[in-house]
Amino acid sequence: MRFLAVVLVVLALVLAAALGSAGGELRRLGDQAPPGSRPHSVTITEFGAVGDGKTLNTVAFQNAVFYVRSFADKGGAQLYVPKGRWLTGSFNLTSHLTLYLEKGAVIIGSKDSSQWPIVEPLPSYGQGLDLPGPRHQSLINGYNLTDVVITGNNGVIDGQGSVWWQWLRSHGLNHSRPHLVEFLHSKDIVISNLTFFNSPAWSIHPVYCSNVKVHNVTIETSLDAPLTDGIVPDSCSNVCIEDSTVSVSHDAISLKSGWDKYGISFGRPTSDVRINRVDLLSSSGAALSFGSEMSGGISDIHVNHLRIHDSYKGISFKTSPGRGGYIDEVAISDVQMKDVHVGIEFTGNCSSHPDDSFDPSELPQITQITMKNLVGTNISVAGVLSGIDGAPFTAICMSNLNFSMAAGSTSSSWSCSNISGYSESVFPQPCTELSDPSSSSSICFSLSSYTAIAIA
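Every value quoted in this text rests on a predicted model; they were computed, and no experiment measured them. (Residues numbered from 1 in each chain as written. Predicted model: local features only at pLDDT ≥ 70, side-chain atom pairs only at ≥ 80, totals over all residues. Heavy atoms only, no water.)

The subject of this paragraph is the overall build of the chain. For the chain, the helix and strand inventory stands at four helices and 26 strands. Taking all 456 residues of the chain together, 57% fall into the buried category. Taking the intrachain contacts of the chain between residues at least 6 apart in sequence as the baseline, contacts between residues at least 24 apart amount to 77%. In the form shown here, the chain has an accessible surface area of approximately 17200 Å², with 51% of it arising from carbon and sulfur atoms. (Helix = DSSP H or I, 4+ residues; strand = E, 2+ residues; numbered from the N terminus. Buried < 20%, exposed > 50% of the residue type's maximum accessible area, 1.4 Å probe, protein only. Contact = heavy atoms within 4.5 Å. Areas by Shrake-Rupley, 256 points an atom, 1.4 Å probe, with all protein chains shown as cover.)

Here it is, written out as structure tokens:
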């Protein structure tokens, strides 16, 4: 099978070169392939793939991507995945590619860890997610790419993460777990119209990227899975996340920018992020999280129209001495929460570090965070806001917030320390640090600067 696949690739490249020199149009290899925006299209079955859920198709995906790479300067190509269950290990994408999953198409991650190669840790982290040293490469990868679309007719990408969760719990991992989709140093990325199931770790992880749009996706993991995040923009700029549903065990959407001295040294922030109309559930983490790995900085974030439910925490800002960096110019508005334990969290004591060489004098700066028009039902604790001694969080602003407290909760369900800011029309009555009559709304980051972005 491997020999046949290689022969197919060589023949295809010869055919492509002949057509290109003649100025002709590539014939559509797969009769099932739908019309799309790319001028060329191939079907994964043309490379020997079998969609029976048992045959390993890693080489087929790798060869298919190698083949369509020859059309990068001819408008790009679409790799079409028809209905079926396509078992595969890790594979890389290429620029000017659309990976299209038809309805009923399921790309399944292999449970064989050898099908997930070992790669170096991210330079802004210094180690893997779970362990020191290298990490497993994600299922679908892009490195230094431009113009890549992963989309479909509600196809599915299933990471079969349970085996990885079991290894983590039993300390059976040799290297950190992989993600489902990861792009590094890439731009003009669109992920849409798909469902992502049971990632070994994080589901969608763009890192060091720009111009990224994620819309109309569904992400689900088992709610008792360990540390499975949903969408994680990491040291990225110009990101749009909208019209999606995320239901995971840990943070549903988490903005990050590197870890301690590694993130400080790498120095690439997450900025210019727009999040709109998303439905979020986090059984043990936060529906919307900032940090705790934020050493490169996080700023210019606008979030609108969230629905948060059945979550441990609603909105969380996490950092620690030694992180450095900053979180500022964040505006969150029009949020509905229901059945949430802690509505709002700020913590300066998220104490995990990649190693013991962090500098505790590197204190993060958290300022100008505005939350407006938040409504909560059955909230156990309105807010726990705890800054850092010597580096208090400032200009934390809340307006038009109304939380209906769960039975047994106290009317003054706030806890504050090393925090200052402004509040108006907030119920339950917030702590005095946010209700000082001498403060005014002039200290607050304004929602009026919000401008929607569009990514083609």
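Moving on, we come to helix α2 (residues 58–68). Summarising burial for α2: eight of the 11 residues are buried, a large majority. Within α2, the full set of buried residues consists of Thr58, Ala60, Phe61, Asn63, Ala64, Val65, Tyr67 and Val68.

A few words now on the pattern of salt bridges. Within this structure, the stated rule accounts for 14 salt bridges. The partner of Asp243 in a salt bridge is Arg277, with the nearest N and O atoms 2.7 Å apart. Taken together, the positions of Asp243 in strand β17 (residues 237–248) and Arg277 in strand β19 (residues 270–282) put the pair 34 residues apart, joining distant regions of the chain. A relative accessible area of 36% places Asp243 in the partly exposed class. Residue Arg277 is classed as partly exposed on the basis of its relative accessible area, which comes to 41%. In this structure, the salt-bridge partner of Asp279 is Arg307, at a minimum N-O distance of 2.6 Å. Linking Asp279 in strand β19 with Arg307 in strand β21 (residues 298–318), this pair joins segments that are 28 residues apart in sequence. On the basis of relative accessibility, which here comes to 18%, the residue Asp279 falls in the buried class. On the basis of relative accessibility, which here comes to 41%, the residue Arg307 falls in the partly exposed class. Bridged by salt links that share partners, the residues Lys213, Glu242, Asp243 and Arg277 form one connected network. (Salt bridge = Lys/Arg side-chain N within 4 Å of Asp/Glu carboxyl O.)

Our next topic: the environment of Leu255. As for its placement among the helices and strands, Leu255 is situated in strand β18 (residues 253–255). With a relative accessible area of 0%, Leu255 lands in the buried category. If we ignore the near neighbours within four places in the chain, the residues touching Leu255 are Pro233, Thr270, Val273, Ile275, Leu288, Ser289, Phe290, Gly291, Ile298 and Ile301.

Here the focus is unusual backbone geometry. That bond from Gly291 to Ser292 is cis: its omega, 5 degrees, falls within 30 degrees of zero. Position of Ser292 among the secondary structure elements: in the loop between β20 (286–290) and β21. Geometrically, the link from Phe427 to Pro428 is a cis peptide bond, its omega value of 0 degrees lying close to zero. Mapped onto the elements, Pro428 comes out in the segment after β26 (419–427). Phi is positive for Asp188, close to 60 degrees, though the residue is something other than glycine. Relative to the helices and strands, Asp188 is located in strand β14 (residues 187–197). One non-glycine residue with positive phi stands out, namely Asn418, at about 55 degrees. Along the polypeptide, Asn418 turns up in the loop between β25 (414–417) and β26.

Turning to the sheet that holds strand β15 (residues 204–207), a few remarks are in order. The strand order β5-β10-β13-β15 describes an open sheet built from four strands, whose pairing is parallel. Looking along the sheet, the strands with just one partner apiece sit at the ends: β5 (91–92) and β15. Bridging between strand β13 (residues 181–184) and β15 involves four bridges; their strand directions are parallel. Its bridge partner being in β15, Phe183 is matched across the sheet by Pro206. (Pairing = 2+ DSSP bridges.)

Moving on: empty space enclosed by the protein. With the rule as written, the count across this model stands at one cavity of 30 Å³ or more. By volume, the largest cavity amounts to about 30 Å³. As for the largest cavity, its lining consists of Val181, Glu182, Phe183, Ile189, Ile191, Ile204, His205, Pro206 and Val212. When contributions to the lining of the largest cavity are tallied by element, the ones reaching two or more residues are β13, β14 and β15. (1 Å grid on protein atoms, 1.4 Å probe; cavity = no way out; pocket = protein on both sides within 12 Å on 5 of 7 lines; lining within 4 Å. Points joined across faces, edges and corners; volume = space filled by probe spheres on them.)

So, about the pairing of strand β23 (residues 365–386). Relative to β23, strand β22 (residues 326–347) runs parallel, the two being bridged by 17 bridges. If you follow Asp328 over to β23, its bridge partner there is Thr367. Across 10 bridges, the pairing between β23 and strand β24 (residues 393–405) is parallel. Residue pairing for β24: Lys372 is matched across the bridge by Ser399. Bridge count for β23 against β25 is four bridges, and the pairing is parallel. Across the sheet, Gly383 pairs through a bridge with Trp414, a residue of β25.

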